[in-house]
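Chain residues, written in single-letter form:
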Amino acid sequence: MTSIIKVDTLQKANGGTPTAADLGINTTGTVLQVVHNHSTVYVTNNSSSYSTELATVITPKSSTSTLLVQVSAYGSISLASSWSLMDVTIYDSNSADDITMGNYETGVAGVTSARFSINRTAYVSSVSTAPRTFSIRYRKHGGVYGSNAELGRRVMTITEIEG
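The model shown is predicted, which means the values in this text are computed figures rather than measured ones.

Quick notes on the pattern of salt bridges
Argument step 1. Tallied over the entire structure, the rule returns three salt bridges.
Argument step 2. One salt bridge in this structure joins Arg154 and Glu53, with 2.9 Å as the shortest N-O distance. Residue Arg154 is located in strand β9 (residues 148-161), and its partner Glu53 is located in strand β3 (residues 51-58); the two are separated by 101 residues in the primary sequence.
Argument step 3. A salt bridge links Asp92 to Arg132; its shortest N-O distance comes to 2.7 Å.

Describing the nonpolar core
Argument step 1. In this structure, Val69, Met86, Phe134, Ile136, Leu151, Met156 and Ile158 are the most contacted members of the largest nonpolar core, which totals 21 residues.
Argument step 2. Those elements giving two or more residues to this core turn out to be β3, β4 (66-78), β5 (84-92), β7 (113-125), β8 (132-140) and β9.
Argument step 3. The biggest single contributor to this core is β4, with five residues.
Argument step 4. With residues up to four places along the chain from it excluded, the contact list for Leu151 reads Val41, Tyr42, Val43, Tyr74, Gly75, Met86, Phe116, Ile136 and Tyr138.

Cut-offs and rules
- Residues numbered from 1 in each chain as written.
- Predicted model: local features only at pLDDT ≥ 70, side-chain atom pairs only at ≥ 80, totals over all residues.
- Heavy atoms only, no water.
- Salt bridge = Lys/Arg side-chain N within 4 Å of Asp/Glu carboxyl O.
- Helix = DSSP H or I, 4+ residues; strand = E, 2+ residues; numbered from the N terminus.
- Core = buried A, V, L, I, M, F, W, Y, C linked by side-chain atoms within 4.5 Å.
- Buried < 20%, exposed > 50% of the residue type's maximum accessible area, 1.4 Å probe, protein only.
- Contact = heavy atoms within 4.5 Å.

Shown next, in the form of structure tokens:
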């Protein structure tokens, strides 16, 4: 025997709208949302202090989800000497620590600039449903004289995954 239940609206006892978990549906691994940001404008930092670029805000739908942060960019280092170094990180507004993307260096004598590309992925726990800002930070490495850190096209995608 087959039964059919038809309703117009489901509500919780307090009048709220039930979630999938309230209905006993396992949502672990489900993509809850995707936030994307990009820029093609070249930016330059001539300082050993960090510059912040491409701020991307996500407001997690669940405090138990995982945020998959993906960043792609390319850039260059202008050489004033025979060796230069650039630091690139992902900055998380909810953390005192940057997610290191890497140090990009060049040491070829007689070359005026070096180009590089970066592609990084980080998994971050959501822990709350408050808005969270991720951004790319970059600088010429302290102690290296004369290098200019330049970023070109930058892309950041944040995917919220349940559970």
